[in-house]
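Structural overview
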Amino acid sequence: MGKCRQALQEEAGDLEKAVEWLRRRGMRSMERRAAESAEALLALALAPPSAPASGAVVELRAETDFVTRGELFQQLVAALAQTAASGGEGGGLLGAKLVGGPPQAAASATAEAALLELGSVLGEKLVLGEVWQLRAPEGGVVGGYVHPKQAPRAGGGARSGARAQVCDPERLGELASRLARHVVGAQPRFLSVAGIPAETAQKERETAKAAYLAQLDPKKAGSIDQQVLDKVLTGKMQKFYQEHVLLCQGLVAPQGAGGTAEAKAAPVAEVLEREAKALGLERIVITDFKLAVL
């Protein structure tokens, strides 16, 4: 109340000017504030929705989960994701005009101004975190999925996006979304076996070898046949691929419109071959995936 009286005094009783005075003061307060923004939500947006060729996952941080659970905060993070998907990216997102922002944000506000203005409304410092861009090559689509951290009101949520280069964007958009859902559930580390760094593969092989030999009797371990050892290590590496390589993982997303899963999940690579054959395509290629987890 004291600040309201001061605002009216500063603006000679003009109510509208007093409101602007308070908003400017609130923005300056947010700019000076140094509190750590420890809570966050992620939002995903795809553009255009019908056959998306680009998208973005945006992280927005606040000081308390009380704010991140609120509708205003969730509207803002969803608007930031839509802005990023529509063209604002990287360091340019803060300077881009906010797309579809909440009513409390000025219609012409940039993303940076909206963070300051809505931060003053919520009473906490709002910080733009990571921005992950999703862009398909020519002829491809982007599919995305978010797994709610809380029950979202306006698209605020959590986790991931994936992209796939395909030959028919409209018909295969559903497949791209299923793959994105799989990425969230299985959390692969690599796209393909060929994409595993050589040092990572070598380290995993050495770890598997040491673990296997440690289980054997010392005398037997010292005289084990190399062909037998190679066969064992090949099997262990295959298991590593099935756990950590996207194309080797069994697809965990629901199959078909009915949402029923197969009794035994087929590897993603096999599913892509099957879908390509059914649609009369030479092949369906996943060019990249991105996973964002809070």
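This write-up is about the structure you can find in this document. Predicted, not measured: the structure shown is a model, and the values here were computed from it.

Here P188 is to be found in the loop between α6 (169-186) and α7 (198-215). In this structure P188 comes out as buried when scored by relative accessible area, which is 6%. Distance from P188 to V245, taken between C-alpha atoms, is 5.5 Å for residues 57 residues apart in sequence. Contact partners of P188, with chain neighbours within four places excluded, come to V183, H244, V245, L246, Q249 and F289.

Moving on, we come to the packing of α7 against helix α9 (residues 226-244). At a closest axis distance of 10 Å, the pairing of α7 and α9 adopts a crossing angle of 120°. Taken together, the axis directions place α7 and α9 in an arrangement best described as oblique. In this structure, α7 meets α9 at a crossing whose hand is right-handed. Contact residues: α7 offers A201, E204, R205, A208, K209, Y212 and L213, while α9 offers L229, D230, V232, L233, K236, M237 and F240. Split into classes, the residues belonging to the contact of α7 with α9 amount to 9 nonpolar, no polar and 5 charged.

One finds L60, L76, L80, L98 and L126 to be the most contacted residues of the largest nonpolar core, which totals 27 residues. Elements supplying a minimum of two residues to this core: β1 (39-47), β2 (54-62), α4 (71-85) and α5 (111-122). The element contributing the most residues to this core is α4, with 9 residues. Not counting residues up to four positions away in its chain, the partners in contact with L126 are L60, R61, A62, F73, L76, L115, L118 and G119. The next biggest cluster of nonpolar side chains, apart from the first, holds 14 residues, and it includes V268, V271, L272 and A276.

Taking 1.5 Å per residue, 12 residues should reach 16 Å; α5 reaches 16 Å between its end C-alpha atoms and fits that length. Taken together, the buried positions of α5 are A111, A114, L115, L116, E117, L118 and G119. Just downstream of α5, G123 is the residue with a positive phi angle, here 80°.

Positive phi, close to 55°, is recorded for A12, a residue that is not glycine. By the element assignment, A12 lies in the loop between α1 (2-10) and α2 (15-32). Under the relative-accessibility criterion, A12 is labelled exposed at 74%. The residue Q187 is not glycine, and still its phi comes out positive at about 50°. Residue position: Q187 is located in the loop between α6 and α7. Judged by its relative accessible area of 40%, Q187 is partly exposed.

Moving on, we come to the packing of aromatic side chains. In total, this model carries 1 aromatic pair according to the counting rule given. Centre to centre, the rings of F240 and Y241 are 6.2 Å apart; their planes meet at 65°, and the pair counts as edge-to-face. Owing to a relative accessible area of 15%, Y241 belongs among the buried residues under this scheme.

The grouping of L8, L15 and V19 at the surface amounts to a nonpolar patch, some 260 Å² of accessible area in total. If you trace the backbone, L15 turns up in helix α2.

Time to look at the pattern of salt bridges. Note that side chains of opposite charge can pair when their charged atoms are close. Evaluated as defined, the whole model comprises 5 salt bridges. In this structure, E59 and R61 form a salt bridge, with 2.3 Å as the shortest nitrogen-oxygen distance. On the basis of relative accessible area, R61 is assigned to the partly exposed category, the value being 23%. Across the pair D288 and K290 runs a salt bridge whose closest N-O atoms are separated by 3.7 Å. Of the residues examined, K290 reaches a relative accessible area of 27% and is grouped as partly exposed.

What counts, and where the lines are drawn
- Residue numbers run consecutively from 1 along every chain, following the written order of its sequence.
- Thresholds applied to this predicted model are a pLDDT of at least 70 for local features of residues and 80 or more for the giving and counting of side-chain atom pairs; totals over whole chains, interfaces and linings are not thresholded and use all residues.
- No hydrogens and no water enter the side-chain calculation; it runs on all heavy atoms of the structure.
- Numbering of helices and strands runs from the N terminus, with a helix taken as a DSSP run of H or I at least four residues long and a strand as a DSSP run of E at least two residues long.
- For the exposure calls, accessible area comes from a 1.4 Å probe over protein chains only, and a residue counts as buried if that area is under 20% of its type's maximum, exposed if over 50%, partly exposed in between.
- Any two residues whose heavy atoms approach within 4.5 Å at even a single point are treated as in contact.
- All axes are obtained by fitting lines to C-alpha atoms, using only the stretch in contact for helices, and the reported angles, taken between N-to-C directions, cover 0 to 180 degrees.
- To sort the angles, those under 35 degrees are grouped as roughly parallel, those over 145 as roughly antiparallel, those from 65 to 115 as roughly perpendicular, and the leftovers as oblique.
- Left-handed is the label given to a crossing in which the near helix is rotated counterclockwise from the far helix by less than a right angle, and right-handed is the label when the rotation is clockwise.
- Note that Gly is not counted as nonpolar here; it falls among the polar residues with everything else outside the nonpolar set of Ala, Val, Leu, Ile, Met, Phe, Trp, Tyr, Cys and Pro and the charged set of Asp, Glu, Lys and Arg.
- The definition of a nonpolar core used throughout is a set of buried Ala, Val, Leu, Ile, Met, Phe, Trp, Tyr and Cys residues joined through side-chain atoms within 4.5 Å.
- By definition here, a helix of n residues has an expected span of 1.5 Å times n minus one.
- Ring geometry is summarised as follows: Phe, Tyr and Trp rings, the Trp one being its six-membered ring, pair when their centres sit within 6.5 Å, and such pairs are stacked at plane angles under 30 degrees, edge-to-face over 60 and tilted between the two.
- What makes a patch is a set of residues exposed beyond 30% relative accessible area and free of salt bridges, joined within 9 Å when like-charged and within 5 Å when nonpolar (Val, Leu, Ile, Met, Phe, Trp, Tyr).
- Only the protein chains shown count as cover for residues, with accessible areas throughout obtained via the Shrake-Rupley method and a probe of 1.4 Å.
- A pair is scored as a salt bridge if a Lys or Arg side-chain nitrogen falls within 4 Å of a carboxyl oxygen belonging to Asp or Glu.

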